[in-house]
Amino acid sequence: MRDLSKYKGIIPAFYACYDEKGEISPERVRAFTRYFVKKGVKGVYVNGSSGECIYQGVEERKTVIENVMAEAKGKLTVINHVACNNTRDSVELARHSQQVGVDAIASIPPIYFHLPEYSIAGYWNAISAAAPELNFVIYNIPQLAGTALTMSLFHEMLKNPRVIAVKNSSMPTQDIQMFKADGIAARGEFLVFNGPDEQFVAGRAIGADGGIGGTYGVMPELFLKLNALIISGECERAMELQYDINAIIYQMCAGKGNMYAVAKEILRINENLDIGGVREPLENLHEEDKAIAAQAAEMIRKAQDKYL
Ligand SMILES: CC(=O)N[C@@H]([C@@H](O)[C@H](O)[C@H](O)CO)[C@@H](O)CC(=O)C(=O)O
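Reading the values: rules and limits
Residues numbered from 1 in each chain as written. Predicted model: local features only at pLDDT ≥ 70, side-chain atom pairs only at ≥ 80, totals over all residues. Heavy atoms only, no water. Helix = DSSP H or I, 4+ residues; strand = E, 2+ residues; numbered from the N terminus. Rg over C-alpha atoms; globule rule 2.2 N^0.38 Å. Buried < 20%, exposed > 50% of the residue type's maximum accessible area, 1.4 Å probe, protein only. Contact = heavy atoms within 4.5 Å. Areas by Shrake-Rupley, 256 points an atom, 1.4 Å probe, with all protein chains shown as cover. Lys, Arg positive; Asp, Glu negative; His and termini not counted. Charge placed at Lys NZ, Arg CZ, Asp CG, Glu CD. Phe/Tyr/Trp six-rings, centres within 6.5 Å; stacked < 30°, edge-to-face > 60°. Salt bridge = Lys/Arg side-chain N within 4 Å of Asp/Glu carboxyl O. UniProt positions renumbered as here; feature names shortened; annotations may be inferred. 1 Å grid on protein atoms, 1.4 Å probe; cavity = no way out; pocket = protein on both sides within 12 Å on 5 of 7 lines; lining within 4 Å. Polar contact = N/O pair within 3.5 Å; in protein donor to acceptor, adjacent residues only side chain to side chain.

Turning next to the overall build of the protein chain. Along its length, the protein chain carries twelve helices and eight strands. Its C-alpha atoms give the protein chain a radius of gyration of 18 Å, near enough to 19 Å, the size a compact globule of 308 residues would have. C-alpha atoms of the protein chain, sized along the principal axes, occupy 50 × 45 × 35 Å. Across the 308 residues in the protein chain, those meeting the buried criterion constitute 56%. For the protein chain, restricting intrachain contacts to residue pairs at least 6 apart in sequence, the fraction spanning at least 24 positions comes to 75%. When the accessible area of the protein chain is evaluated, it comes to approximately 12700 Å², of which 52% is carbon and sulfur surface. Distance between charge centres in the protein chain, computed from 32 positive and 37 negative side chains, equals 5 Å.

Given below as structure tokens:
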């Protein structure tokens, strides 16, 4: 039985780190990785939605993971999302991921065309075969990918022994229970990561082993505390913290600028960490968003004072 404990906990989704020209900044990638090491999170989820992967090229994504590993190796569990909109590029990123020594690779299903389940399984198994030494995480995010992980497709993928987890970003928490129950029945141990940050407590309660989230990056201490409250059985306090976290998320989403642009402004304010803006067509900060981000940053500081 392989040791899956290295995946159980708080795994922030890594944001894209750009320079002033909007190019990937290796220095800022390394600085952001050191930030997470210092915060004491379990690991990082790289090149995912929060990493703006869909707007980057293959070589850019290789640069990101290479510079994350330069700081994270041996200190953080690293899951690298490798899906591109075609099998060939996804396979290349999977091969490269094994070469740089990540712990696991992850992949959404193919996007744009709606393909039959045997084609989706073929896509995922080709990616996994390119990194035979790595664990594979199925990424279920139907609201963005346009394709849901069905139970029949999930059972087909369980035939691949490298498949160890589902990162479940669908909104029904029952999906977590279904993947967890059938994964355990098939394997004895199987992981599910909670995707929607707003329902971390609910997801953990119904069986998620930890979480991967796009807002963890601006408040890692709060999600570490939330997970600790769940483990210690302090349900009332956990619910209270989840409510305060959700108020922060809603504030982050209240601007004209994309949530990730607001997140990066919060990092400048609270952490003196500048990782640039977001890549078009994502919307960068509008002038009025700076006050919104400043208020979210203050809400985080107040929550830290209240719970930590
Ligand atoms: C649809 C979406 O982006 N979901 C996020 C959530 O963390 C989301 O940002 C959060 O719940 C705020 O709505 C994650 O599940 C996905 C994610 O962080 C990633 O792939 O980088």
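The way to describe two aromatic rings as a pair is by their centre distance and the angle between their planes. In this structure the tally under the stated criterion is 14 aromatic pairs. Note on Phe-14 and Phe-36: the rings are 6.2 Å apart at their centroids and 50° apart in plane angle, and the pair reads as tilted. Residue Phe-14 is found in the loop between β1 (10-12) and α1 (26-39), and its partner Phe-36 is found in helix α1; the two are separated by 22 residues along the sequence. Considered together, Phe-14 and Phe-36 belong to a single accessibility category, that of buried residues. Judged by centre distance (5.4 Å) and plane angle (70°), the ring pair of Phe-154 and Phe-190 falls under edge-to-face. One end of the pair, Phe-154, is in helix α6 (residues 151-157); the other, Phe-190, is in the loop between α7 (174-187) and β7 (191-194), and 36 residues separate them in sequence. Residue Phe-154 is classed as buried on the basis of its relative accessible area of 0%. Pairwise contacts between aromatic rings join Phe-14, Tyr-15, Phe-32, Tyr-35, Phe-36 and Tyr-260 into one cluster.

Let's shift gears to the pattern of salt bridges. Tallied over the entire structure, the rule returns 20 salt bridges. Residue Lys-62 pairs with Glu-92 through a salt bridge whose shortest N-O separation is 2.6 Å. Within this pair, whereas Lys-62 is found in helix α2 (residues 58-72), its partner Glu-92 is found in helix α3 (residues 87-100), the two being separated by 30 residues in sequence. For Glu-92, a relative accessible area of 24% gives the class partly exposed. Connected via shared salt-bridge partners are Glu-20, Arg-28, Glu-265, Arg-268 and Asp-274.

Another point: the UniProt feature "active site" (unreviewed entry) in the protein chain. Listed under "active site" (unreviewed entry) in the UniProt record, and renumbered for this structure, are Tyr-139 and Lys-167. What stands out for the annotated residues spanning 29 residues is how close their C-alpha atoms remain, the widest pair being 4.8 Å apart. Checked against the lining of the largest pocket, the annotated residues just named reduce to Tyr-139 and Lys-167. Topologically, Tyr-139 is positioned in strand β5 (residues 135-140). Beyond its immediate sequence surroundings of up to four residues, Tyr-139 is in contact with Tyr-45, Ser-49, His-81, Ser-107, Ile-108, Pro-109, Lys-167 and Ser-169. Within the local environment of Tyr-139, its side chain forms a polar contact with the side chain of Ser-49, the two groups lying 2.9 Å apart. Mapped onto the elements of the fold, Lys-167 is located in strand β6 (residues 163-168). Once you skip the residues sitting within four places of it in the chain, Lys-167 turns out to touch Tyr-45, Val-137, Ile-138, Tyr-139, Asn-140, Phe-193 and Ile-212.

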